[in-house]
Amino acid sequence: MMLSILLAVSGCATTSEGSGGNVWLGHGAVPAQSESEMQRAAEAEVARVVEQVGAIVRDIDSVGARLTLTYWSERGALTWTGYESHGRVGHRGGLAGAADTRDALREVLAGYGLARTGQVVLSLRRAETKWSVDYAFHRHAERPPEARTLPVQWADGTGPDEVPSGLARLLAGVGVPDGGEAWLEADVVLDDGRVVGWELHRFQVIRSGAGGSPLAPASRAGREVVRLTRAFQDGMGPRTVRFGIRLTHGRGEGDGWVESVRVVGFETPAGLEPEVAAEYRAMHEDIVRRWREGVVEGFTWLAQRGAQELALWYVGAVAIRGAGFLAVRGGGIVRKALRQGKEAASGWLRTMLSRVSQSEGRAFERLWAKVQLEGERALTTSERSELRALMARIEKLASTPLDFGEKHGLRKAARAAYKNVHSDLARTMDAFPERYPVHHRRPLEYAHLFPEQDVNASSRLAVVQDFIHERVSRVWTKFRTAQRTATRDEVDAATRIIDSHFESWYHRVEVPRGEQAFIERAEQAALEALRARFPKVN
């Protein structure tokens, strides 16, 4: 028997196409999914929600029971954000057709697809032998912070209903008097899809009944909590989800059900610009998406990125979660460097990782891949100590002058990085590498004076022809000789002076020799400006 699908849209709902919410992805933060991948993932999202709802209503047989399920829909991703149930004390009806329920839900949910962004509210009502489904769509609802923006081709199903030990201990600690009724509020702490722990928020006996020995909550209540927890685990970020559970005890039997589920706390870092936080969260969501589509495949993908690219994901997690256990305790350089924006921070960390040993780099790759895919709590005590020690090493290294070998490695890395940004010059640079050196506008020997900055940042590099580079180097040599213990401010001032006289020849691979006279005058002008600022320059 097909269910009646009541498409009665509430007054604040809309059936118009288009999205009214904020799209979390931006500025090319994560690799894009193809249209066909997005479509398949959106279909998988619908199938997953249908299975989840089917599992939840399976044991609800009270005629007149009403469920309100709230989701956020974005680009095909469906994130649970709320649940309510009422009327669970009616007489028991007959068996409701599971196939009919799934068909009704699928028909409603599939109508949203990739084009709509907003809040979806499903209303289900239990009749004698069927569930009816109603829905509303709120395009202008506020976007919840736990909402996903990437649909997932889920690798796993709904899973078993076994009550985890943390929840079992919580439920075993409460009891309902004979003939009585109680209200239980339990919090589950989630981090992405991982259950961090269970906490008792409130327990209150509403009706004492006849007294006698209290009875532990019925197993059915525990199974319902498990099923709903599994649904809310599909969200993103560190958050607390609160369950409101009605418990009863009558005729020697216990009963109970979940009446409400909602997100009551979402951890957001302080001092981070909303746009930056959004970008980092988008990067992190892409990793979690790959993990959810298959742990082995996701781990392989992440491991293949290598330590240098993993820096980007490390930076993102530190930014959106705060320094936490990841950064050096009291480490001002690491904290400051990792919170200065995606490009600057990840570039800094990549450069710093190039200065550590290969074994240290491999350790970073191994530990950070585990954090991203399994959560920080998956690290053992020794692994946490190892990761902190590595960051402490980087903290110290950042303020240590570069040695000859490090300078050589950074110059090689700078050339590769520059060609990635200036691809139009790459072919000429490759054909004549000696003729077109990459100039560090702030010399490498002063990198330790700017420990939180990436000396190989693209903004601090410029390709110049060899005969121009010789003149720039001569000017820096005179400054270096005169200011043997130059300070950070003095190096900054010298960089500005030298750039102002030579920058018209930066990023050029065809400078006519006829401009030689202008280049000589630029050298003299730069020296005069340096002498005015630093009298010891000869």
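What you see is a predicted model, and the numbers here were worked out from it, not measured in a lab.

1. A look at the overall build of the protein
When helices and strands are tallied, the protein shows 16 helices and 13 strands. A burial count over the protein gives 51% of its 538 residues as buried. In the protein, of all internal contacts separated by at least 6 residues, the share reaching a separation of at least 24 is 75%. For the protein, the accessible surface area stands at approximately 24,400 Å², while carbon and sulfur atoms represent 50% of it.

2. Digging into the nonpolar core
Grouped together as the largest cluster of nonpolar side chains are 49 residues, with contacts concentrated most on Val53, Leu69, Trp80, Tyr83, Leu122, Leu124 and Phe243. The residues contacting Trp80, other than those within four sequence positions of it, are Val49, Gln52, Val53, Ile56, Leu69, Thr70, Tyr71, Leu228, Ala231 and Phe232. Membership of the second largest hydrophobic core comes to 29 residues, among which are Leu449, Ile498, Tyr506 and Ala522.

3. A word on empty space enclosed by the protein
One pass over the structure, following the stated rule, counts five cavities of 30 Å³ or more. Each pocket or cavity is described by its volume, and for the largest cavity that value is around 110 Å³. Counting residues per element, the lining of the largest cavity draws most heavily on helix H9 (residues 342–353), which supplies three residues. Of the residues assigned to the lining of the largest cavity, the class counts are nine nonpolar, two polar and three charged.

4. Points about the packing of helix H14 (residues 466–482) against helix H16 (residues 516–533)
For the pair H14 and H16, interaxial distance at closest approach is 10 Å and the crossing angle is 15 degrees. Classified by the angle their axes make, H14 and H16 are roughly parallel. Pair H14 / H16 crosses with right-handed handedness. Of H16, the residues touching H14 (which contributes Phe467, Ile468, Arg471, Arg474, Val475, Lys478 and Phe479) are Gln516, Ile519, Glu520, Glu523, Ala526, Leu527 and Leu530.

5. Here we look at the pairing of strand S4 (residues 118–126)
Summarising the sheet, strand S2 (residues 66–74) and S4 pair through eight bridges and their orientation is antiparallel. In the sheet register, Leu69 faces S4, and the bridge partner there is Leu122. The turn joining S4 and strand S5 (residues 131–138), which pair antiparallel and follow one another in sequence, is formed by four residues.

6. Some thoughts on the confidence of the model for the protein
On average, residues of the protein carry a pLDDT of 82, and 81% of them reach 70 or more. Low pLDDT, under 50, characterises residues 1–31; the stretch is placed with 77 contacts to residues that sit more than four places away or in other chains.

7. Here's the deal with the side chain of Asp192
With respect to the helices, strands and loops of the structure, Asp192 is situated in the loop between strand S7 (181–191) and strand S8 (194–207). A residue is classified by how much of its surface remains accessible, and Asp192, at 0% relative accessible area, is buried. A polar contact is formed between the side chain of Asp192 and the backbone nitrogen of Gly237, at a distance of 2.8 Å.

8. Notes on the packing of aromatic side chains
Here the structure, examined in full by the defined rule, presents eight aromatic pairs. When the ring of Tyr446 is compared with that of Trp476, the centres are 6.1 Å apart and the planes differ by 45 degrees; the resulting orientation is tilted. Of this pair, Tyr446 sits in the loop between strand S12 (438–440) and strand S13 (461–463) while Trp476 sits in helix H14, and the two are 30 residues apart along the sequence. On the basis of relative accessibility, which here comes to 6%, the residue Tyr446 falls in the buried class.

9. Some words on the layout of surface pockets
When its volume is computed, the largest pocket comes out at roughly 660 Å³. Around the largest pocket, the lining comprises 24 residues; the ones closest to its centre are Gly347, Arg350, Ala417, Asp454 and Asn456. For the lining of the largest pocket, the elements supplying multiple residues, two or more each, are H9 and helix H12 (404–421). For the lining of the largest pocket, the element with the highest residue contribution is H12, accounting for nine residues.

10. Things to note about the pattern of salt bridges
For the structure on display, the rule yields 26 salt bridges. A salt bridge links Arg202 to Glu185; its shortest N-O distance comes to 3.2 Å. In this pair, Arg202 is assigned in strand S8 and Glu185 in strand S7, connecting sequence segments 17 residues apart. By relative accessible area, which is 11% here, Glu185 ends up buried. A salt bridge links Asp492 to Arg442; the nearest nitrogen and oxygen atoms lie 3.6 Å apart. Pair noted here: Asp492 is in helix H15 (residues 488–502) and Arg442 is in the loop between S12 and S13, with a separation of 50 residues, a long-range link. What you see here is one network of salt bridges that share partners, running through Glu181, Arg207, Arg246 and Glu259.

11. Some words on the environment of His138
Relative to the elements of secondary structure, His138 occurs in strand S5. Between the C-alpha atom of His138 and that of Gln119, which follows or precedes it by 19 residues, the distance is 4.9 Å.

12. Structural notes on H14
Look at H14: 25 Å from first C-alpha to last across 17 residues, which is about the 24 Å you get at 1.5 Å a residue. Listing the buried residues of H14 in full gives Phe467, Ile468, Arg471, Val472, Val475, Trp476, Phe479 and Ala482. Those residues of H14 hidden inside the fold are in contact with S12, H15 and H16.

13. What about the pairing of strand S3 (residues 77–86)?
The side chains of a regular strand alternate, first on one face of the sheet and then on the other. With eight of 10 residues buried, S3 is to be regarded as a mostly interior element. Relative to S3, S2 is paired through nine bridges, and the arrangement is antiparallel. In the sheet register, Thr70 faces S3, and the bridge partner there is Gly82. Taken together, S2 and the strand that follows it, S3, pair antiparallel across an intervening segment of two residues, in which Arg75 is found at a positive phi of about 55 degrees.

14. Here's the deal with the packing of helix H1 (residues 35–57) against helix H4 (residues 219–232)
Taken N-terminus to C-terminus, the directions of H1 and H4 make an angle of 165 degrees; their axes are 9 Å apart at the nearest point. Here H1 is positioned roughly antiparallel relative to H4, judged by the angle of their axes. The two elements H1 and H4 meet at a crossing, and its hand is left-handed. For the pair H1 and H4, the contacting residues are Gln52, Ala55 and Ile56 in the first and Arg227, Leu228, Arg230 and Ala231 in the second. Per-class residue counts for the contact of H1 with H4 are four nonpolar, one polar and two charged.

Cut-offs used in this document
- Residues numbered from 1 in each chain as written.
- Predicted model: local features only at pLDDT ≥ 70, side-chain atom pairs only at ≥ 80, totals over all residues.
- Heavy atoms only, no water.
- Helix = DSSP H or I, 4+ residues; strand = E, 2+ residues; numbered from the N terminus.
- Buried < 20%, exposed > 50% of the residue type's maximum accessible area, 1.4 Å probe, protein only.
- Contact = heavy atoms within 4.5 Å.
- Areas by Shrake-Rupley, 256 points an atom, 1.4 Å probe, with all protein chains shown as cover.
- Core = buried A, V, L, I, M, F, W, Y, C linked by side-chain atoms within 4.5 Å.
- 1 Å grid on protein atoms, 1.4 Å probe; cavity = no way out; pocket = protein on both sides within 12 Å on 5 of 7 lines; lining within 4 Å.
- Points joined across faces, edges and corners; volume = space filled by probe spheres on them.
- Nonpolar A, V, L, I, M, F, W, Y, C, P; charged D, E, K, R; others polar.
- Axes fitted to C-alpha atoms, helices over the stretch in contact; angles between N-to-C directions.
- Parallel < 35°, antiparallel > 145°, perpendicular 65-115°, else oblique.
- Left-handed = near helix turned anticlockwise from the far one by under 90°.
- Pairing = 2+ DSSP bridges.
- pLDDT = per-residue confidence, 0-100.
- Polar contact = N/O pair within 3.5 Å; in protein donor to acceptor, adjacent residues only side chain to side chain.
- Phe/Tyr/Trp six-rings, centres within 6.5 Å; stacked < 30°, edge-to-face > 60°.
- Salt bridge = Lys/Arg side-chain N within 4 Å of Asp/Glu carboxyl O.
- Expected span 1.5 Å × (residues − 1).

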